[in-house]
Amino acid sequence: IISAVIIGLNAFALPKHSEDYVTYHGYSVIRVIPHTEDQFKLVQKLSESLKYDFDFWKPPSKLNKPVDIFSPPTMTRQLIVHLKKGSLMPVTKIRDFGKRAAEAQMEVSSYKSSDAIDPDSFDFYKYHPFADIMGYIQAVAQKYPSFVSISSIGKSLQNRDTQLLKIGYPSSTAKNALFIDAGIHAREWIAPATALYAINQWVTNSSYTDLLKAIDIYVAPSINPDGYEYSRTKDRNWRKTRSGPRQNCYGVDPNRNFAFKWMVAGSSSNPCSETYAGPSPFSEIEATNLKNFLVPHNDTIKAYLTLHSYGEDILYPWGYATGQYPPDVNDLIALGHEMYNAIKAVHGTEYTVGDSGDALYPASGASDDYSKSIGIKYVYTVELRPGDGDNDDDQWYGFDLPAKFIKPTAEETFPALMAAANRVQNGP
Ligand code: ARG
Ligand code: ZN
């Protein structure tokens, strides 16, 4: 088994890039922080402009919050001039995303065959192909059959089987559950990596036995597999699914595709937009698969956490608008602060706890609001590392967080997941 693992592990092989691999040579990320209404309006107008159609990595949310704009080299000069005219002070956060995208390929560790995956020697501090993420959870289920099992939530558009791990001892009475998913946005690689780390903690550390006798934990570590694979092999900046083409553009934002307040806010009807909500709610099989699992389990699932990046935020519903809160919002805030404290205690990282619509930006049709709408009590979108960073160029990463940050990110996130698990165990 050991030698098979060593032979199977092909740590330095780069994925084969086809002719159409997007190199992003010279692309940059420009940050501005609007401090006045006028400045805010200027960036907001730019973010809504169909003519320029920049990918806003971080769309305008409110005054004094950073806005990150992903800019092609042909546009950057013009963009900077435009921002400066509005008395904004653009800072280049990433100078050459192409270089970063190339480096990202080095951070992927892939197995030749999933038979070779031994959970004990799995490298949690590398990024992995979808097949290996599935291979890992299959191997975990095989190794710990008394309390771990695997099932499918359905296939992706391109026929990738999306599997879900259930961790928890069988019980004669119905158990409450925590549900965690990751990877709904393809390029947010830190999310699946964090989910795998958490699985490993729960299955290998016997101090969680009582917890796992009391509750079930579901982890779906990669729920947009087509997008994820596309982000690994073709386009490091890919966010959406891979449906289409529609008007020559591929993909729907699966986190705008859920049937609750669909297309009400922060969503686009333009198939080429990064926040395209799709032709109809649940047009995307990946969102439908998730819904089809959550709805029949809405009586036992007491907490739903969806892992994203970036921003270092703990966000609770409602996200479809500002100033809208569920009736039990104080419970959500209370657990949100427990999660905040749990994270801070590890490496000192301070997340922002807030309502999605207020703290970030209104965006409807997301999986968090949908989960809340079907009666799941504790619902959070967790935006993992990085945070804003300081103002130094080239020391800050966005979605392309280097693999060396998986460990600290996962280490500090795990206690927050545990805070949610404990709440599920203890109620209400
Ligand atoms: N970054 C996530 C997105 O844009 C945040 C979602 C927060 N939830 C919400 N319902 N707005 O999809
Ligand atoms: Zn996301």
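Residues numbered from 1 in each chain as written. Chains lettered and ligands numbered in written order. Predicted model: local features only at pLDDT ≥ 70, side-chain atom pairs only at ≥ 80, totals over all residues.

In the annotation of an unreviewed UniProt entry, the protein is listed under the name Peptidase M14 carboxypeptidase A domain-containing protein and assigned to Panagrolaimus superbus.

J.: I keep staring at the overall build of the protein and nothing clicks. Help me out?
T.: Counting its regular elements, the protein contains 13 helices and 14 strands. Taking 22 Å as the expected radius of gyration for a compact globule of 428 residues, we find that the protein reaches 21 Å, a close match to that expectation. Considered along the principal axes of its C-alpha atoms, the protein spans approximately 65 × 55 × 40 Å. Within the span of the protein, comprising 428 residues, buried residues form 50% of the whole. Considering only intrachain contacts with a sequence separation of at least 6, the fraction spanning at least 24 residues in the protein is 74%. (Helix = DSSP H or I, 4+ residues; strand = E, 2+ residues; numbered from the N terminus. Rg over C-alpha atoms; globule rule 2.2 N^0.38 Å. Buried ≥ 20, exposed ≤ 12 C-beta atoms within 10 Å, placed from the backbone. Contact = placed C-beta atoms within 7 Å.)

J.: Any chance you could explain the pairing of strand β4 (residues 67–71) here in plain terms?
T.: Side chains on a regular strand alternate between the two faces of the sheet. For β4, the tally of buried residues reaches five of five residues, placing the bulk of the element in the interior. A two-sided burial pattern is seen for β4, the buried positions comprising V67, I69 and S71 on one face and D68 and F70 on the other. In this sheet, β4 lies alongside strand β2 (residues 28–32) in antiparallel orientation, the contact comprising five bridges. Note on β4: the bridge partner recorded for I30 is I69. (Pairing = 2+ DSSP bridges.)

J.: Whenever I open this one, helix α9 (residues 285–294) confuses me. Can you help?
T.: In an α-helix there are 3.6 residues to a turn, and that puts residues three or four apart on one side. Of all ten residues in α9, eight are buried, a share of seventy percent or more. Residues of α9 that are buried include every one of I285, E286, A287, N289, L290, K291, F293 and L294, and no others. In this structure, the buried side of α9 is in contact with β7 (148–155), β8 (161–167), β9 (176–182), β11 (301–309) and α12 (367–373).

J.: Whenever I open this one, the nonpolar core confuses me. Can you help?
T.: Proteins that are soluble and globular tend to have nonpolar side chains buried together. Within the largest apolar cluster, 95 residues are counted, with the highest numbers of intra-cluster contacts made by L178, I180, I199 and A420. Element by element, the count of residues in this core is highest for helix α6 (residues 190–204), at ten residues. For A420, the contacting residues outside a window of four places in its chain are L178, A303, L305, L335, M339 and Y378. Counting 19 residues, the second-largest nonpolar core is a separate cluster that includes Y27, I30, V43 and L88. (Core = buried A, V, L, I, M, F, W, Y, C linked by C-beta atoms within 7 Å.)

J.: Quick question: what am I supposed to make of the packing of helix α10 (residues 329–347) against helix α13 (residues 406–426) here?
T.: The relative placement of two packed helices is expressed as an angle between their axes plus a distance between the axes. Close contact between α10 and α13 brings their axes to 8 Å; oriented N to C, the two are set at 150°. The handedness of the crossing between α10 and α13 is right-handed. Contact residues: L335, E338, M339, A342, I343, A345, V346 and H347 in α10; P408, E411, E412, T413, P415, A416, M418, A419, A420 and R423 in α13. Of the residues that constitute the contact of α10 with α13, the class distribution is twelve nonpolar, two polar and four charged. (Axes fitted to C-alpha atoms, helices over the stretch in contact; angles between N-to-C directions. Left-handed = near helix turned anticlockwise from the far one by under 90°. Nonpolar A, V, L, I, M, F, W, Y, C, P; charged D, E, K, R; others polar.)

J.: I'm lost on unusual backbone geometry in this one. Help?
T.: Most peptide bonds take the trans form, and the phi angle of most residues other than glycine is negative. In this structure, Y310 follows S309 across a cis peptide bond, with omega equal to 5°. You can see Y310 is positioned in the loop between β11 and β12 (313–316). Here the bond from G427 into P428 is cis, since omega is 0°, no more than 30 degrees from zero. Residue position: P428 is located in the segment after α13. In this structure, Q247 takes a positive phi of about 45° despite not being glycine.

J.: Teacher, can you tell me more about the confidence of the model for the protein here?
T.: Close inspection of predicted coordinates is inappropriate in any region flagged by low pLDDT. For the protein, the mean per-residue pLDDT works out to 93, and 95% of the residues sit at or above 70. At the low end of the mean pLDDT range in the protein sits helix α1 (residues 2–8), at 34; at the high end sits β9, at 99. Below pLDDT 50 for its whole length, residues 1–16 participates in 21 contacts with residues either more than four positions away or in separate chains. On the interface metric, ipTM, the complex scores 0.98, and its pTM is 0.95. (pLDDT = per-residue confidence, 0-100.)

J.: What's the story with the site of ligand 1 in this structure? I'm lost.
T.: In the vicinity of ligand 1, the contacting residues are N255, H308, L315, G319, S356, L360, A363, A366, D368, D369 and T381. If you list the elements that add at least two residues to the shell around ligand 1, you get α11 (356–360) and α12. Broken down by class, the residue content of the shell around ligand 1 amounts to four nonpolar, five polar and two charged. (Near = placed C-beta within 6 Å.)

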